[in-house]
Amino acid sequence: MVDASAIGRAFAPTHARVEPGRLRYFFNTLGEANPVYRDPEAAKAAGFAGMPIPPTYLFCLEMMDADNPFAMLEALDIDLRRVLHGEQKFVYHAPVVVGDELTLQSAVTGVIQKKGGAMTLIDVTTRIVNQRGQHVADATRVIVVRNPEVSA
């Protein structure tokens with residue numbers, strides 16, 4: 001079972017490039033039609049240096065571009081079959097646009113036991129910087145782990 005000793009543990013960074021083709025596929029899948037996301041001129045008219053990404057796309061990049069998207073769970077000895085994605089939050093400090101090269105660095109920032117230890121909530125915060133070293137965003141997610149060895 002993961003406990004508070006995991007707080008502060010950092011994992012290998014993920015390097016990702018915001019590619020227009022993959023982003024277009026993401027928009028097509030969602031049915032997103034906003035021209036700011038699809039047309040460079042519309043993005044420029046809206047004040048962006050390039051076509052921006054939607055808020056949730058950072059999580060997709062982290063999962064798609066990681067050498068092993070489940071390395072953190074493996075390092076914490078968490079069985080993927082017992083995991084739920086509990087919550088996700090993004091705080092943007094600057095726009096992320098097509099062509100940006102990002103480094104995503106994740107660390108455990110909180111661990112809480114619930115229901116007498118039958119469930120563990122793990123907060124993971126990912127700091128995202130672009131190719132210029134600019135801190136562009138923070139993404140925080142809560143991983144919910146069911147602990148079968150504990151009955152509530």
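It should be noted that the structure appears before, not after, this text.
Student: I keep staring at unusual backbone geometry and nothing clicks. Help me out?
Tutor: For residues other than glycine, phi is negative in most cases, and the peptide bonds are mostly trans. Positive phi, close to 55°, is recorded for D77, a residue that is not glycine. Counting through the fold element by element, D77 comes out in the loop between α5 (71–75) and β2 (83–92). Located in the positive-phi region is K115, a residue other than glycine, with phi close to 55°.

Student: Looking at this model, I keep getting lost on the nonpolar core. Mind explaining?
Tutor: Note on soluble globular proteins: their nonpolar side chains tend to be buried together. Core analysis: the biggest nonpolar cluster contains 19 residues, and V18, I53, L58, L61, L102, I128 and V136 have the highest contact counts within it. With residues near it in sequence (within four places) discarded, L102 still touches T14, H15, A16, V18, L58, L61, V96, I128, V129, N130 and V136. If you look at the next biggest cluster of nonpolar residues, it comprises 13 residues, including A6, M72, L76 and I122.

Student: I'm lost on the packing of aromatic side chains in this one. Help?
Tutor: The geometry of two aromatic rings is summed up by the distance between their centres and the angle between their planes. Throughout the structure, instances matching the rule amount to three aromatic pairs. These aromatic residues form a ring-pair network of at least three members: F26, F27, Y37 and Y57.

Student: When you look at the sheet that holds strand β4 (residues 119–129) in this model, what are you seeing that I'm missing?
Tutor: Pairing between the strands of a sheet is mediated by backbone hydrogen bonds and can be parallel or antiparallel. What the five strands build is an open sheet, ordered β1-β3-β4-β5-β2; its pairing is antiparallel. Two strands lie at the open edges of the sheet, namely β1 (14–17) and β2, each paired on one side alone. On average, each strand axis in the sheet is inclined to that of its neighbour by 25°, with strand direction left out of account. In this sheet, β4 lies alongside strand β3 (residues 101–114) in antiparallel orientation, the contact comprising 11 bridges. Residue Q113 lies in a different strand from β4, and its bridge partner there is T120.

Student: Teacher, can you tell me more about the pairing of β1 here?
Tutor: In summary, the side chains of a regular strand alternate between the two faces of the sheet. By the alternation rule, side chains of β1 split into T14 and A16, which are all buried, and H15 and R17, of which none is buried. Relative to β3, β1 is paired through four bridges, and the arrangement is antiparallel. From the neighbouring strand, R17 faces β3, where its bridge partner is E101.

Student: How should the environment of L23 be read in this particular structure?
Tutor: With respect to the helices and strands, the residue L23 is situated in helix α1 (residues 20–30). A relative accessible area of 1% places L23 in the buried class. Expressed as a C-alpha distance, the spacing of L23 and P52, which sit 29 residues apart in the sequence, is 9.8 Å.

Student: How should the environment of H93 be read in this particular structure?
Tutor: Tracing the sequence through the fold places H93 in the loop between β2 and β3. Residue classification places H93 among the partly exposed positions, given a relative accessible area of 43%. A C-alpha to C-alpha distance of 4.8 Å links H93 and V136, two positions 43 residues apart in sequence. Apart from the residues within four sequence positions on either side, H93 is in contact with H135, V136, A137 and D138.

Student: Where do I start with the side chain of R141 in this structure?
Tutor: Positionally, R141 belongs in strand β5 (residues 135–146). Judged by relative accessible area, which is 8%, R141 ranks as buried. Within the structure, the side chain of R141 is placed 3.2 Å from the side chain of E62, a separation counted as a polar contact. Not counting the four nearest positions on each side in its chain, R141 is found in contact with F59, E62, M72, H85, E87, Q88, S106, I122, D123, V124 and T126.

Rules and cut-offs
Residues numbered from 1 in each chain as written. Predicted model: local features only at pLDDT ≥ 70, side-chain atom pairs only at ≥ 80, totals over all residues. Heavy atoms only, no water. Helix = DSSP H or I, 4+ residues; strand = E, 2+ residues; numbered from the N terminus. Core = buried A, V, L, I, M, F, W, Y, C linked by side-chain atoms within 4.5 Å. Buried < 20%, exposed > 50% of the residue type's maximum accessible area, 1.4 Å probe, protein only. Contact = heavy atoms within 4.5 Å. Phe/Tyr/Trp six-rings, centres within 6.5 Å; stacked < 30°, edge-to-face > 60°. Pairing = 2+ DSSP bridges. Axes fitted to C-alpha atoms, helices over the stretch in contact; angles between N-to-C directions. Polar contact = N/O pair within 3.5 Å; in protein donor to acceptor, adjacent residues only side chain to side chain.

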